[in-house]
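# Summary of structural features
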Amino acid sequence: YRAAPSVPADGWLLWVRAGTLVAQRLDLARAALTGDPVTLADAVAVDATVNAAAVSVSASGLLAYRTAAGSRRQLTWVDRSGQALGPLGAPEENDLRHPSVSPDGQRVAVVRAVQGNMDLWLLDGPRSSRFTFDAARDRYPIWSPDGRRIVFDSDRTGARDLYLKAASG
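Residues numbered from 1 in each chain as written. Predicted model: local features only at pLDDT ≥ 70, side-chain atom pairs only at ≥ 80, totals over all residues. Heavy atoms only, no water.

### As for the environment of Thr 39
Under the convention used in this document: Secondary structure elements follow DSSP: runs of H or I of four or more residues count as helices, runs of E of two or more count as strands, with numbering from the N terminus. The classification of residues rests on relative accessible area computed with a 1.4 Å probe and restricted to protein chains. Under 20% of the type maximum is buried, over 50% is exposed, and intermediate values are partly exposed. Only heavy atoms enter the contact rule, under which two residues are in contact if any of them lie within 4.5 Å.
Counting through the fold element by element, Thr 39 comes out in strand β4 (residues 32–41). Classification of Thr 39 by relative accessible area gives exposed; the value is 52%. Sequence separation between Thr 39 and Gln 24 is 15 residues, and the spatial gap between their C-alpha atoms is 8.9 Å. Residues contacting Thr 39, with those up to four places away along its chain left out, are Thr 20 and Leu 21.

See below:
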């Protein structure tokens, strides 16, 4: 993440257009944008699968954002004291997200967006295996208490619903 210049806390609307973070005055009484847009940052990361930008603004106007360059992610095992124990797998650019650790602590279910398709994958040490294969968005894995099943969200039928699948595949 990078810090950008502070923006006034009230009366501004921020958005990302073609990777550029823009701010413009917002007159709430008139429900209208006023003045010229101001560019705050270039190359801001945007997750196209959920149409969300990697931007956060505090109440004081302090702004943080993640650049699109170098958006590789890597999971790291951390103990209860906060001590990093080591990486889980290699850094990757497949929009790794929503990790869910199995009850026995040996495997992790994650979401990967490979070529624009969000599927669940299981990570077991250095090995990874694809768990779902549907063209729909499969997300938010949760292990059953006994670790035998994984429930997840998918929009396979056009509407979001929950699906249950044996963890063995």
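### Some remarks on the nonpolar core
One recurring pattern in soluble globular proteins: nonpolar side chains tend to sit buried together. Just so we agree on the cut-off: The term nonpolar core refers to a set of buried residues drawn from Ala, Val, Leu, Ile, Met, Phe, Trp, Tyr and Cys, joined through side-chain atoms within 4.5 Å.
Ala 109, Val 111, Ala 113, Met 118, Leu 120, Leu 122, Phe 131, Trp 143, Ile 150, Phe 152 and Ala 167 form the largest nonpolar core, which has eleven residues in total. Within the residue set of this core, elements represented by two or more residues are β12 (108–114), β13 (117–124) and β16 (149–154). Leave out the neighbours within four places in its chain, and Phe 152 touches Leu 120, Thr 132, Asp 138, Arg 139, Tyr 140, Pro 141, Asp 161, Leu 162, Tyr 163 and Lys 165.

### Considerations on the environment of Ala 54
Along the polypeptide, Ala 54 turns up in the loop between β6 (52–53) and β7 (55–57). For the pair Ala 54 and Ala 64, spaced ten residues apart in the sequence, the C-alpha separation amounts to 8.4 Å.

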